Amino acid sequence: MRVIFSPEARLEFEEAERYYQRQATYLGKAFRSEVRDALPRLRNWPFACPFEIGEIRRLTLSRFPYKLLYSFESDYIYVVAVANQHREPNYWIDRV
């Protein structure tokens, strides 16, 4: 099953990675690695994560204050946001 990031989610991922990279080189790599490691969980168990709002599900990262918000479509998983959990809640809601 493919995982597709919305343009906004991809931008959020890249911005977060750059932010952590500026803090310490290894943090940017660790953030990228944690998101990458989360993708097989989405592919293999797309229904395992709880609902956030409506049909949007949430996979919370363990080392960073981020969550992947996604929907399960017929033949792919669509990530609508890579959301910082300390940011304004539901800022991404207009994307769905």
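Residues numbered from 1 in each chain as written. Predicted model: local features only at pLDDT ≥ 70, side-chain atom pairs only at ≥ 80, totals over all residues. Heavy atoms only, no water.

**Thoughts on helix α2 (residues 25-44)**
Then, number 1: With 20 residues, α2 should reach 28 Å at 1.5 Å per residue; the first-to-last C-alpha distance of 30 Å fits that figure.
Then, number 2: Of all the positions in α2, only L27, G28, A30, F31, E34, V35, A38, L39 and L42 are classed as buried.
Then, number 3: Summarising the contacts, the buried residues of α2 are in contact with β1 (2-5), α1 (7-23), β3 (56-60), β4 (66-72) and β5 (76-84). (Helix = DSSP H or I, 4+ residues; strand = E, 2+ residues; numbered from the N terminus. Expected span 1.5 Å × (residues − 1). Buried < 20%, exposed > 50% of the residue type's maximum accessible area, 1.4 Å probe, protein only. Contact = heavy atoms within 4.5 Å.)

**Concerning the packing of aromatic side chains**
Then, number 1: For the structure shown, the criterion picks out nine aromatic pairs.
Then, number 2: Taken together, a centroid distance of 4.7 Å and an interplanar angle of 65° make the contact between Y20 and F64 edge-to-face. Residue Y20 is located in helix α1, and its partner F64 is located in the loop between β3 and β4; the two are separated by 44 residues in the primary sequence.
Then, number 3: By relative accessible area, Y20 is classed as buried at 11%.
Then, number 4: Counting every residue linked through ring pairs, the aromatic cluster contains F13, Y19, Y20, F31, F64 and Y66.
Then, number 5: For R57, the ring lying beneath its charged end belongs to F51, and the centroid distance is 3.9 Å. (Phe/Tyr/Trp six-rings, centres within 6.5 Å; stacked < 30°, edge-to-face > 60°. Lys NZ or Arg CZ within 6 Å of the ring centre and 35° of its normal.)

**Points about the pairing of β4**
Then, number 1: Burial analysis of β4 places six of its seven residues in the buried class, the great majority of the element.
Then, number 2: Note: β3 against β4, four bridges, orientation antiparallel. Within β4, the residue paired with R57 across the bridge is Y70.
Then, number 3: Counted along the chain from β3 to the antiparallel partner β4, the turn is five residues long.
Then, number 4: Between β4 and β5, which pair antiparallel and follow one another directly, the connecting turn spans three residues. (Pairing = 2+ DSSP bridges.)

**Some words on the environment of R43**
Then, number 1: Residue placement: R43 occurs in helix α2.
Then, number 2: Overall, R43 belongs to the partly exposed group, its relative accessible area being 35%.
Then, number 3: Considering only alpha carbons, one finds R43 and I77, 34 residues apart in sequence, at a separation of 7.5 Å.
Then, number 4: If near-sequence neighbours (up to four positions away) are discounted, R43 is found in contact with M1, V3 and I77.

**Description of the nonpolar core**
Then, number 1: The biggest cluster of nonpolar side chains holds 24 residues, and the ones touching the most others in it are F5, F31, L42, L59, Y66, V79 and V82.
Then, number 2: Elements represented by at least two residues in this core include exactly β1, α1, α2, β4 and β5.
Then, number 3: Top element by residues in this core is α2. It accounts for seven residues.
Then, number 4: If near-sequence neighbours (up to four positions away) are discounted, Y66 is found in contact with A16, Y20, F31, L59, T60, L61, V82, A83, N84 and Q85.
Then, number 5: Residues I56, V80, A81 and W92 belong to the second largest nonpolar core, which totals seven residues. (Core = buried A, V, L, I, M, F, W, Y, C linked by side-chain atoms within 4.5 Å.)

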